[in-house]
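Topology and contacts: notes
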Amino acid sequence: GMQSQSLVTSDVAERARAAAAALGLAPAAPTMIGGGAMVNFGANPTAQQAMLQAQRAAQALQLAGMAGQAEQDHWEEELEINDYPQHARWKATHKESITPITELCDVCVTAKGCFVKPGLNPPPGERKLYLLIEGDAERKVKSAVSQFKKLLQEATMESEENKRPLFSKYTV
């Protein structure tokens with residue numbers, strides 16, 4: 001959101017300043033006395049133009065940044081995972097299995113709510129277990145949601161396969 005944008009613009013302004021300093025344009029304290037800085041500019045008009053262009057570019061970026069904030073740059077979608085088998089819920093909240101999705105789709109995922117056993121209702125003020133998927137573009141969030149649905153379906157199938165009679169004598 002807003003914070004990252006201001007960081008970007010100040011970074012650009014900073015780089016413009018650094019570039020100007022490298023070109024010997026930034027009025028260092030001593031040259032400012034008696035307008036010495038202007039003499040530098042006069043001797044090197046192209047550098048002065050470069051500095052002006054850098055300033056204009058920084059301003060344009062700042063304006064673009066402000067305009068961008070008016071548009072929606074935060075999307076979120078919820079995906080309820082409460083009613084999936086334990087293995088699937090575990091996969092959908094486990095760092096190893098969700099990192100590839102969050103990195104690929106450039107989203108942020110938070111598990112929220114609490115697990116509610118089948119047939120029961122969540123406690124007052126609580127919600128069933130769900131994932132909150134957030135990103136700065138709708139398509140990123142939507143593609144992450146479909147990746148998570150795939151992950152949950154695959155994990156559900158795995159857990160069905162694991163319910164072999166072989167293990168029945170250990171079940172509690």
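What counts and how
Sequence positions are assigned chain by chain, starting from 1 and proceeding in written order. Per-residue local features of the predicted model are confined to residues with pLDDT of at least 70, and side-chain atom pairs are confined, for both listing and counting, to 80 or more; whole-chain, interface and lining totals are unaffected and use all residues. Each side-chain value is derived from all of the structure's non-hydrogen atoms; neither hydrogens nor water enter the calculation. Helix and strand assignments come from DSSP, with helices taken as H or I runs of at least 4 residues and strands as E runs of at least 2, each series counted from the N terminus. Each residue is assigned to one of three classes by its accessible area relative to the maximum for its type, calculated with a 1.4 Å probe on protein chains only: buried under 20%, partly exposed between the two thresholds, exposed over 50%. Between two residues, a contact is recorded if the distance between any of their heavy atoms is within 4.5 Å. Strands pair, by our definition, only if DSSP identifies at least two bridges between them. Every angle, taken between N-to-C directions, lies between 0 and 180 degrees, and every axis is a line fitted to C-alpha atoms, over only the stretch in contact when it is a helix. Think of a nonpolar core as a cluster: buried Ala, Val, Leu, Ile, Met, Phe, Trp, Tyr and Cys residues, connected wherever their side-chain atoms sit within 4.5 Å. Aromatic pairs are defined between Phe, Tyr and Trp rings, using the six-membered ring for Trp, whenever the two ring centres lie within 6.5 Å; interplanar angles under 30 degrees are classed as stacked, those over 60 as edge-to-face, and all others as tilted. Only when the NZ of Lys or the CZ of Arg is both within 6 Å of the ring centre and within 35 degrees of the ring normal is a charge said to sit over the ring. Only four residue types enter the tally: Lys and Arg on the positive side, Asp and Glu on the negative side; His and the chain ends are excluded. Each reported salt bridge corresponds to a side-chain nitrogen of Lys or Arg within 4 Å of a carboxyl oxygen of Asp or Glu. We call two N or O atoms a polar contact when they sit within 3.5 Å, provided that within protein one can donate a hydrogen and the other can accept it, with sequence-adjacent residues counted only if both atoms are side-chain atoms. Every residue gets a pLDDT, meaning the predictor's confidence in that residue, from 0 to 100. Handedness of a crossing follows from how the near helix is turned relative to the far one, being left-handed for an anticlockwise turn of less than a right angle and right-handed for a clockwise one. Side-chain classes are defined by residue name, with Ala, Val, Leu, Ile, Met, Phe, Trp, Tyr, Cys and Pro counting as nonpolar, Asp, Glu, Lys and Arg as charged, and the others, Gly among them, as polar.

Some thoughts on the overall build of the chain
Counting its regular elements, the chain contains seven helices and three strands. The order of α-helices and β-strands along the chain, N terminus first, is α-α-α-α-β-α-α-β-β-α. Burial status across the chain gives 25% buried among its 172 residues. The contacts of the chain with a sequence gap of at least 6 include a subset with a gap of at least 24, amounting to 67%.

Remarks on the sheet that holds strand β2 (residues 108-112)
Sheet architecture is open: three strands sit in the order β1-β3-β2, paired in antiparallel fashion. The open sheet has two edge strands with one neighbour each: β1 (75-80) and β2. With strand direction ignored, the average angle separating the axes of adjacent strands in the sheet is 20°. Across the sheet, helix α7 (residues 138-162) is in contact with β1, β2 and β3 (130-135); its angle to β1 comes to roughly 15°.

Looking at the nonpolar core
Judged by nonpolar contacts, the single largest core of 19 residues is most densely connected at Ala-92, Val-107, Leu-131, Ile-133 and Phe-148. Per-element accounting of this core gives the leading share, seven residues, to α7. What Phe-148 contacts, discounting residues up to four positions off in sequence, is Leu-79, Ala-92, Ile-98, Ile-101, Val-109, Leu-131 and Ile-133.

Comments concerning the packing of aromatic side chains
The final tally for this structure, using the stated rule, is zero aromatic pairs. The ring of Phe-115 carries Arg-89 above its face, with NZ or CZ at 3.7 Å from the centroid. Just above the ring of Tyr-130 sits the side chain of Arg-127; from NZ or CZ to the centre is 3.8 Å.

As for the side chain of Arg-89
Mapped onto the fold, Arg-89 is located in helix α5 (residues 86-93). It is Asp-83 that comes nearest to the buried, bridge-free Arg-89 among opposite-charge side chains, at 7.3 Å. Arg-89 has contacts with Ile-81, Asn-82, Tyr-84, Phe-115 and Leu-129, leaving out every residue within four places of it along the chain.

Comments concerning the side chain of Thr-102
Here Thr-102 is to be found in helix α6 (residues 95-105). Polar side-chain contacts of Thr-102 include one of 3.0 Å to the backbone oxygen of Thr-99. Leave out the neighbours within four places in its chain, and Thr-102 touches Val-107 and Val-109.

Topic: the confidence of the model for the chain
For the chain, mean pLDDT is 78; residues scoring 70 or higher make up 67% of the total. Here helix α2 (residues 29-32) stands out as the element of the chain with the lowest mean pLDDT, 44, in contrast to β3, whose mean of 97 is the highest. Here residues 1-8 is modelled with pLDDT under 50, and outside its nearest four sequence neighbours on either side it reaches five contacts, counting other chains as well.

Considerations on the packing of α5 against α7
Where α5 meets α7, the closest approach of the two axes is 8 Å, and the angle between their N-to-C directions is 145°. By crossing handedness, the relation of α5 to α7 is classed as right-handed. Facing α5, whose interface residues are His-87, Ala-88, Lys-91 and Ala-92, α7 presents Phe-148, Leu-151, Leu-152, Ala-155, Thr-156, Glu-158 and Ser-159. When the residues that make up the contact of α5 with α7 are grouped by side-chain class, the tally is six nonpolar, three polar and two charged.

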